[in-house]
Amino acid sequence: QSQPPEQMQQPLPQQLQPQAKQQQQQQSRRPGRVARRPPGMLQWGFDPDDYRPPAEIDSEGHGTIEPMGTLHRIPSRAGEVVVNVVGPDEGRPMLLLHGWGRCSWSRDLQYLYSPLVEMGYRVIAPDQPGFGRTRGKRWCSRSETNYDEGGPVQVVEDILEALGVPQDRPFDILGWSWGGGIAISFVLRHPKCVGRLVLWRGSYTEHQAELRTIK
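This structure is a prediction, so every number in the text was calculated from the model and none was measured.

**Q** Describe the overall build of the protein chain, with residues and values.
**A** Looking only at helices and strands, one finds seven helices and eight strands in the protein chain. Looking at the protein chain as a whole, 38% of its 215 residues are labelled buried. For the protein chain, contacts bridging at least 24 residues in sequence account for 68% of all contacts bridging at least 6. Roughly 13,300 Å² of accessible area belongs to the protein chain as shown, and the carbon and sulfur atoms make up 48% of that amount.

Below is the structure:
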């Protein structure tokens, strides 16, 4: 005989709830079960074939703060990159590099723009491919790949060249998380170009004690 509907809908006793939760977790790990994701989204971020940049695909997650300064669209070896530039052309360049979070982009560091400009800096804040206002596929977050063809170090090199940052005068870099690893890789390749290196929880894997060479 079937139970009345009101009895079937009663919650499990509190002492049995952890067991039921554990069974659900085990079932979700069984072979053949695939986690469903919203259309247009991949595990590493956003669909690179979508014509829209991530900041437009998920405007709520990225936020809607209007950019300060001037937006530049700069061709690079990884495709066109959107770069936010704030401050006087004659200011000392300060390159700001964002992290690798799903909704990470240059806006994450925008609160630093005004203080840096007041200190005399020319702020250069790119959105790496697949982040923020820049379309394309995201690069691997592992620092071992930073030097690969079309990788983040080449993107930074192309941006600095396009903006006319002189190579005979040192500029400064601030890198957050993944951006910190990119900054380290750039400094190791161009040690004479960087005056000050600021790392905020920089993500970098050392292999041959190369970090000891940074002074």
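**Q** Could you give an account of helix α7 (residues 178-189), with specific residues and numbers?
**A** Three or four residues apart is the spacing at which side chains of an α-helix point the same way, because the helix has 3.6 residues per turn. With twelve residues, α7 should reach 16 Å at 1.5 Å per residue; the first-to-last C-alpha distance of 17 Å fits that figure. Counting buried residues along α7, ten of its twelve residues qualify, which places the element largely inside the surrounding structure. Here α7 has its buried residues at Trp178, Gly179, Gly180, Gly181, Ile182, Ala183, Ile184, Ser185, Phe186 and Val187. Tucked into the core, α7 has its buried residues touching β5 (92-97), α6 (152-162), β7 (171-176) and β8 (194-200).

**Q** Tell me what's going on with the pairing of strand β6 (residues 121-127), and back it up with residues and numbers.
**A** In terms of residue burial, β6 counts as a mostly covered element, since seven of its seven residues are buried. Taking every second residue as pointing to the same face, both faces of β6 are buried, with Tyr121, Val123, Ala125 and Asp127 on one and Arg122, Ile124 and Pro126 on the other. With five bridges connecting them, strand β4 (residues 79-86) and β6 associate as antiparallel partners. Residue pairing across strands places Val85 opposite Ile124, the latter belonging to β6.

**Q** Help me get a handle on the environment of His72, residues and values and all.
**A** Along the chain, His72 turns up in strand β3 (residues 70-76). Measuring from C-alpha to C-alpha, the distance between His72 and Asn84 comes to 6.3 Å, with twelve residues separating the pair along the chain. Setting aside residues up to four positions removed in sequence, His72 forms contacts with Val81, Val82, Val83, Val85 and Leu163.

**Q** Before we move on, could you go through the packing of aromatic side chains and cite the residues and values that matter?
**A** Counted by the stated rule, this structure contains four aromatic pairs. Ring centres of Trp100 and Phe131 lie 6.2 Å apart, and the angle between their planes is 70°; this geometry places the pair in the edge-to-face category. Of the two residues, Trp100 is situated in the loop between β5 and α5 (113-118) and Phe131 in the loop between β6 and α6; the sequence distance between them amounts to 31 residues. On the basis of relative accessible area, Trp100 is assigned to the partly exposed category, the value being 24%. A relative accessible area of 0% means that Phe131 is categorised as buried. An aromatic cluster is built from Trp100, Phe131 and Trp178, whose rings are joined through pairwise contacts. Over the aromatic face of Trp100 sits the side chain of Arg138, whose NZ or CZ is 5.4 Å from the ring centroid. A cation over a ring is seen here: Arg138 above Phe131, with NZ or CZ 3.8 Å from the ring centre.

The rules behind each value
Residues numbered from 1 in each chain as written. Predicted model: local features only at pLDDT ≥ 70, side-chain atom pairs only at ≥ 80, totals over all residues. Heavy atoms only, no water. Helix = DSSP H or I, 4+ residues; strand = E, 2+ residues; numbered from the N terminus. Buried < 20%, exposed > 50% of the residue type's maximum accessible area, 1.4 Å probe, protein only. Contact = heavy atoms within 4.5 Å. Areas by Shrake-Rupley, 256 points an atom, 1.4 Å probe, with all protein chains shown as cover. Expected span 1.5 Å × (residues − 1). Pairing = 2+ DSSP bridges. Phe/Tyr/Trp six-rings, centres within 6.5 Å; stacked < 30°, edge-to-face > 60°. Lys NZ or Arg CZ within 6 Å of the ring centre and 35° of its normal.

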